[in-house]
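Results of the structural survey
Residue strings, one per chain:
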Amino acid sequence: MSSQEWGGIVEDWTHLQEDGDDAGGVEDDLAADPGRWQEQMEYSVFADSSMTLPGQGTKGPNCGVWKPAEFCDECAEVAYAPNHCGRRSCPNCDAVWTKERAVGITKRLSAARHVETPGLDRRTVHAVMSPPEGEIRTLQQVSDGYREAYRLAEEKGVRGGVAIFHGFRVTEETKREFEAADPNMGIWRWLKDVRPESWRSLTYWSPHYHILGLCREFEADDPDAQDGWVARRVRSLNPHEGLRDREAYNDLVGATRYLMSHATFESDTSKDCVRWFGSLATTNFQPEEALSEGSYDVIDRVVREVVGADEDADGSGVEDEEDECECCGSRSWSPIWDAGGALADPGWCDRIGRDAERRLVAAFEWAIGERQPPPGLRKATTEEDAREALEAVL
């Protein structure tokens, strides 16, 4: 599946789902969203200004700088790509971060589903745990809320899974503006990327915890018996029918990628916004031990195919392996970091020729930091700039 095709699936999915609602569009979401806090609050909240969303911070020092990224295995032609810092706060890299987190979560949940007995034991639900209005206002209360959320989820029948924190909901006015604009994208992408004002002015503090986990039967909600918390099952995910069940992976990837796109975390820290609990807690479940190596490799491969991560599995932004070399037409590429080994092969160097060898040596040494272009060419912002910089290195 191409990135473009995948993007269309994600946006179709997000247009129908807003913070836990299955379908029906934005107006239906406004009418029924258990656990939603009121927009105008009469009490102070200290956590909202200290927390943020993916892509709303600063990028790494070299993020977006073009450098040699790959070389052709047949002729040593050098391919270039922009560097990615991979930070969740980076406006350039939040999609990379979201995608990789979706890969990791989907793999772990899929492995857990696979080792269960086929049938009801593999059932996986998406649920939302929302605290009483005004209960979570500080960073410490956000942290404590994770435990309360997955404790309540376990009471409702979720044996184990993952909890993802969302601190904000879109205001009703913004939702109506989104519907009127009818853009070809999901509401959170529109809010973060298209609207000129700060996303904070379009949202309000309304903390809740999304749950994806194994559950045979989700018990009915009873806020009076839950200290005011609301426990709502959104839906059951597509059944997992085997290691190569692309439909199941696609559904789980879609849910996870959407939830991670506006997961909320503390600014300027490495604190995670994802917590595993119950039978899937990191101390209770290790996929590498629960499955054979071959089975887990199949899950990894199929999940990456579904999410489109094969084209950029490590966040480096390198060209797709299927791209043809403009010089010789080959489709076989290697990371620039492997050039040292290739250049140590006299036979291969004889085959590519002296000029290609010199160029690849220069690209490799630039990539690993042993050589640098002149000061005015060190921050290449386009492929053309990077090519000019390599000529200067030569």
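Residues numbered from 1 in each chain as written. Predicted model: local features only at pLDDT ≥ 70, side-chain atom pairs only at ≥ 80, totals over all residues. Heavy atoms only, no water.

Here the focus is the packing of helix α5 (residues 172-181) against helix α6 (residues 187-194). Relative orientation of the contacting elements α5 and α6 amounts to 95°, with a least axis distance of 11 Å. Here α5 lies roughly perpendicular to α6, going by the angle between them. Across from T174, K175, E177, F178 and A181 in α5, the residues of α6 making contact are I187, W190 and L191. (Axes fitted to C-alpha atoms, helices over the stretch in contact; angles between N-to-C directions. Helix = DSSP H or I, 4+ residues; strand = E, 2+ residues; numbered from the N terminus. Parallel < 35°, antiparallel > 145°, perpendicular 65-115°, else oblique. Contact = heavy atoms within 4.5 Å.)

Looking now at helix α3 (residues 94-115). Between its first and last C-alpha, α3 extends 32 Å over 22 residues, near the 32 Å set by a 1.5 Å rise per residue. For α3, the buried fraction is high: 16 of the 22 residues fall into the buried class. (Expected span 1.5 Å × (residues − 1). Buried < 20%, exposed > 50% of the residue type's maximum accessible area, 1.4 Å probe, protein only.)

The interhelical angle for the contact between helix α7 (residues 246-261) and helix α9 (residues 293-307), taken along N-to-C directions, is 60°, at an axis separation of 9 Å. You can see that α7 and α9 cross each other, and the crossing is right-handed. Here R246, Y249, N250, V253 and R257 of α7 come into contact with α9, specifically with I299, V302, V303, E305, V306 and V307. Considering only residue class, the contact of α7 with α9 consists of seven nonpolar, one polar and three charged. (Left-handed = near helix turned anticlockwise from the far one by under 90°. Nonpolar A, V, L, I, M, F, W, Y, C, P; charged D, E, K, R; others polar.)

Let us look at the nonpolar core. Residues M129, V142, W205 and Y209 are the most contacted members of the largest nonpolar core, which totals 71 residues. Sequence-distant contacts of V142, defined by excluding residues within four places in its chain, comprise A47, M51, I136, F165, W205 and Y209. If you look at the next biggest cluster of nonpolar residues, it comprises 24 residues, including V78, A339, A362 and A363. (Core = buried A, V, L, I, M, F, W, Y, C linked by side-chain atoms within 4.5 Å.)

Turning to the sheet that holds strand β5 (residues 158-170), a few remarks are in order. The strand order across the open sheet formed by five strands is β7-β4-β6-β5-β9, and the pairing between neighbours is antiparallel. Strands with a single pairing partner mark the edges of an open sheet, and in this sheet they are β7 (230-236) and β9 (274-278). The sheet shows a mean angle of 25° between the axes of neighbouring strands, direction not considered. Here six bridges tie strand β4 (residues 124-130) to β7, and the two strands are oriented antiparallel to one another. What sits directly across from H126, in β7, is R235. (Pairing = 2+ DSSP bridges.)

Each strand in a sheet pairs with its neighbour through backbone hydrogen bonds, running either in the same direction (parallel) or in the opposite one (antiparallel). Read across the sheet, three strands follow the order β3-β2-β10 without closing on themselves; strand pairing throughout is antiparallel. Edge positions in the open sheet fall to β3 (78-82) and β10 (333-335), since each of these has one partner strand only. The mean inter-strand angle of the sheet, taken between neighbouring strand axes irrespective of direction, is 40°. In terms of strand pairing, strand β2 (residues 66-72) meets β3 through five bridges, oriented antiparallel. Within the sheet, the bridge partner assigned to F71 lies in β3 and is V78. Contacting β2 and β3, helix α12 (residues 354-367) runs over the sheet at an angle of about 135° to β2.

Attention shifts here to the pattern of salt bridges. Scanning the model with the defined rule gives 24 salt bridges in all. Salt-bridge contacts for D300 lead to K107; the nearest nitrogen and oxygen are separated by 2.9 Å. One end of the pair, D300, is in helix α9; the other, K107, is in helix α3, and 193 residues separate them in sequence. For D300, a relative accessible area of 22% puts it in the partly exposed group. The residue R331 makes a salt bridge to E324 at a minimum N-O spacing of 3.2 Å. Taking the relative accessible area as the measure of exposure, R331 reaches 47% and is therefore partly exposed. Beyond isolated ion pairs, a larger network of salt bridges with shared partners links E100, K107, D300 and R304. (Salt bridge = Lys/Arg side-chain N within 4 Å of Asp/Glu carboxyl O.)

Below, the discussion takes up the environment of G104. Within the secondary structure layout, G104 lies in helix α3. A residue is classified by how much of its surface remains accessible, and G104, at 36% relative accessible area, is partly exposed. Between the C-alpha atoms of G104 and T256, which are 152 residues apart in sequence, the distance is 9.8 Å.

Inspection of the entire model under this criterion finds zero disulfides. C327 takes part in no disulfide bond, and the closest cysteine sulfur to it belongs to C75, at a distance of 3.8 Å. (Disulfide = S-S within 2.5 Å.)

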